[in-house]
Amino acid sequence: MSFLDSFWQQRLELLLSTGRAAGADLVEVFLERGDRLGVMAEQERVTSVSPAFVSGAGVRVFRGKDHGYRDGFVSTNDLSEAGLLQALDQALGMLGLERNGAAAAADFQGLPELKDYGTSKQGWLDQSPGVSVIAERLLEGTARLEQHAQHLQARRGSYSRDWQEVMVAASDGTFARDLRLHQTLGLSVLAADGEHRASVARRFGSTDHPDDLLVWDADSTARDIAASTGTMLYADYVDAGTYPVVLANKFGGVIFHEACGHLLETTQLERGTSPFAGRIGEPIAHEAVTAIDEGLSNRHFGSIAMDDEGLEPQRTTLIENGVLKAFLSDRAGEWRTGQPRTGSGRRQSYAFSAASRMRNTFIAAGPHSPAELIGSIDNGLYCKVMGGGSVGPTGQFNFSVEEGYLIENGELGKPVKGATLIGDAETVMPRISMCANDLDLAAGFCGSVSGSVYVTVGQPHVKVDSITVGGR
Amino acid sequence: MLNSDLLHDQLSALAQNHGLSRWDMGASCSTDLSVQVDRGKAHQLKGAQRSAVTVRVWNSDGRVGITSCSDLSADGLAQALSGAAEASAFGDLQDPPDLSPRSTESLEPLKREPQATRPIQEMVQTLISAEQRLLDCHPSIGTVPYNGLSQRRGERVYLNSLGARRHEERSSASLYLYARAEEAGRKPRSAGAVRLGHGTDELDVQGCIDEAAELTISHLDYAPIDTGTYTCVFSPEAFLDLMGAFSNLFNARSVLDGLSLSKRESLGESVAVPFFSLWDDARHPANLGASAFDGEGTPTARLPLIEGGVLRQFLHSEGTARQFGVASTGHAGMGAKVSVSPDWFEIGATPGAGCGDASLNRFQADGVVWIDSLSALHAGVKASQGAFSLPFDGWLVKGGERRSIEAATVAGDIRQVLKSLLAFEGEAQVTPDGLCPHVWVEGLAITGEA
């Protein structure tokens, strides 16, 4: 059942008109209703089922060039007319504006017809699996782990569902609604044998397809985890040093996401913290690198029918053959930096104002086979599974390597653990010298100024000629 | 305002209608204001009115169900209770939580009064002034790209069918200034500082400016460090971050789940050098997040976790305490499966055991790495394995002179770290996460770019 229906149009028009009449150059309202579910299974039993319902609004008021491109944002759980007007008053007050009685803005003609991206998705919540089905699948996963892996101390399966109904209205005529469904399902283990310990996890992410949980292959996920656990349980710590590395495809793309992607968001340009500001048309990476961010691909975790400012997403070529082509921009980014909006205005929820954020971000496939990359290295590191990472305010980044192997004379050698890759984007991007032909993407979460959003990272196998590897 | 009596009556009536006699509820509401500035102008101004409620019920089989909701109205409560009743069909019968028997104990209120909030335009002016003063500290400081001044006022309640009616109010404010500096031909460097208080008036703005400037300037002259094994001295913040990342050492829930570095029988074992002691103190006056009760209504208290290097106690919820045959310690969250977490660490010397090597002085050291702050703990800490490999900001101290390290990681094992402590240096300092002196550790692996 739709909650954000045409009933809201009149109330939203009142807010937008009132805000404009008070002197705001633009007023935007983001409404959200969410239905979330978390389920956890440990060993042979379900230990937690946690439903949550949220609803709220984010009201944002802008003043334009003549007032220094300022904005005020207020979020509230009170969706009554009085509650929303109170939020608007507070946002106006932040910019030194005051509501002008019941006056309406002369140049605000009301909202156009709703652009509804959610019509065909109305049944998604009901079609997504119930707790019984979820529990059955999680327990199947933990049972498969017991079957395939050894020395297990703990086995876990976890599921989360995030169903979101959103509506965006702005005084520039934006009026759109969408329904979104994200599901994740993961298995993890902790194995221990004496002093040896290893923890391994895999997570499957699905967007917009309620029945995707049913196609998840518990057995192959458990076998994959078991194989990694068996390898990493007795792995030695990597020797620290500077090496050539090969990063595996799929989640290996986190290196581009962290090291470069964030620096191509206009939020970084606004702060003056991107080394790539003003460099469109210049080479910033090796000519082997073409990188894309898009929100269009079917089933990918970062895909969106509209961004959180009501704009349809695009396919944005960020880097082409090493040359910087574009930045990712949202409404405020366009105002403040002049970079055109790319449908990248995203936020975790109503509690955050939108900011330019990545969607599905990947390095494009190259001409080589993965074996050619590994074969080109005498002494290096193969990063098969990457962990998390982060980027600092001067562009320095770090990533942990969950599963690594030495490369010796062009061949994979013994497994190693405890590696951390560190560097900075300007230095490392020109060192990505070879890209393989096996592009693949992986679901993930990205935390930044507008909260945690669903993304995919991706790449083919890539070779970095030299990078610092922290170890022991 | 949260009306405990009204909420209790509403939920009692709803539970009765569902035939439920055992229930509890946590609820909170808050108002927030925050500002960011950019080169003398307000950049982003934010406000929020937040509310949340979580309801747990026990059905006739003793299974627990839980549901959360952002709507504190009667409709929201009804939705939460109904959802919890439905979820209880899937509750775990083997290890279900129960109401905390300590939830109705008398409670000593915390001695603090919520402070008045400041108007947002006043906050903007305070932050613009702070930004400018920081920019004026050194010609190389070009921007303060990350900055913020925020204030919050909120309250929370815990109620249950045993008659518990807990309520508390709190206010807080924070200021952070993160400067970016650059000199010709050299890489940009950055550093920052944070100050917390119960209200904006309590914030040490000048101290925050001075610390951010001093740190940023200290990193302008940098050099790579040779990879190797070093004696390190951790700042209080850095060492508390490290201990916090490995708090599963003390976590009874993690012990029971097999995810801790400790086992049930680890109590009484020597886990650190004898002069090392660690307490958890939710009620410490310097703990701005201090709370008088946990998510199950259990009173909080100061607890010794490691005394004289010996593991003395675990942190408990009602459920873990029951399994260990002890009393809950006031560290529970609220859930179908109840989480356990520490509050605020106090690290210091064991009475009568000295502070380790009293001759160590980081200002006169030679060949020592001074770790000021650790980064990316979410990625570089393997809590269940004890291992860490973390980027850090800091200095190499040679002949008493310190020079910033360009980019490096520190790696080790927390169990080894606790056994390799050389000394506490200086007085314990208050930080947002706890109280701790500078801590000397020998034999840590440093990877640099030299």
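Treat the numbers as computed from the prediction; the structure is a model and nothing was measured. (Residues numbered from 1 in each chain as written. Chains lettered and ligands numbered in written order. Predicted model: local features only at pLDDT ≥ 70, side-chain atom pairs only at ≥ 80, totals over all residues.)

Describing unusual backbone geometry
Most peptide bonds take the trans configuration, and most residues that are not glycine carry a negative phi.
All names here are of chain A.
Then, number 1: Located in the positive-phi region is Gln43, a residue other than glycine, with phi close to 50 degrees.
Then, number 2: Judged by the 18 C-beta atoms lying within 10 Å of it, Gln43 is partly exposed.
Then, number 3: Look at Arg299: it is not a glycine, yet its phi comes out positive at around 75 degrees.
Then, number 4: By secondary structure assignment, the location of Arg299 is in the loop between strand 10 (291-294) and strand 11 (315-320).
Then, number 5: For Arg299, a count of 14 C-beta atoms within 10 Å corresponds to the partly exposed category. (Buried ≥ 20, exposed ≤ 12 C-beta atoms within 10 Å, placed from the backbone. Helix = DSSP H or I, 4+ residues; strand = E, 2+ residues; numbered from the N terminus.)

Brief notes about the domain arrangement of chain A
All names here are of chain A.
Then, number 1: Its domain assignment divides chain A into domain 1 (7-35 + 52-113), domain 2 (121-235) and domain 3 (241-470).
Then, number 2: The gap between the C-alpha centroids of domain 2 and domain 3 is 23 Å.
Then, number 3: On the side of domain 3, 16 residues touch domain 2, which itself brings 15 residues to the contact.
Then, number 4: Listed by contribution, the elements that provide at least two residues to the side of domain 2 that touches domain 3 are strand 5 (152-170), strand 6 (175-193), strand 7 (196-207) and helix 6 (218-232).
Then, number 5: Of the residues belonging to the side of domain 2 that touches domain 3, the class tally is 6 nonpolar, 7 polar and 2 charged. (Domains from an automatic or database assignment. Contact = placed C-beta atoms within 7 Å. Nonpolar A, V, L, I, M, F, W, Y, C, P; charged D, E, K, R; others polar.)

Digging into the nonpolar core
Then, number 1: Leu247 and Leu381 of chain A together with Cys232, Phe239, Ile371 and Val439 of chain B are the most contacted members of the largest nonpolar core, which totals 137 residues.
Then, number 2: Non-local contacts of Leu247 of chain A, meaning those with residues more than four positions away in its chain, are made with Gly252, Ile255, Cys383, Met386, His461, Val462 and Val464 of chain A. (Core = buried A, V, L, I, M, F, W, Y, C linked by C-beta atoms within 7 Å.)

Structural notes on the interface of chain A and chain B
Then, number 1: Listed by partner, the interface residues are 58 residues for chain A and 56 residues for chain B.
Then, number 2: For the side of chain A that touches chain B, the leading source of residues is strand 2 (residues 45-63) of chain A, giving 12 residues.
Then, number 3: Split into classes, the residues belonging to the side of chain A that touches chain B amount to 19 nonpolar, 31 polar and 8 charged.
Then, number 4: Sheet topology note: the strand 2 of chain A/strand 3 (residues 64-69) of chain B ladder contains 2 bridges and is parallel. (Pairing = 2+ DSSP bridges.)

Some words on the sheet that holds strand 10 of chain A
Within a sheet, adjacent strands bond to each other through the backbone by hydrogen bonds, running parallel or antiparallel.
Residue and element names in this part refer to chain A.
Then, number 1: Pairing in this open sheet of 6 strands is mixed, and the strands run 12-11-10-15-22-21 from one edge to the other. The strands lining the two open edges of the sheet, one partner per strand, are strand 12 (323-324) and strand 21 (440-448).
Then, number 2: As paired strands, strand 11 and strand 12 are joined by 2 bridges and run antiparallel to one another. Considered in strand 12, the bridge of Ile319 is made with Leu324.

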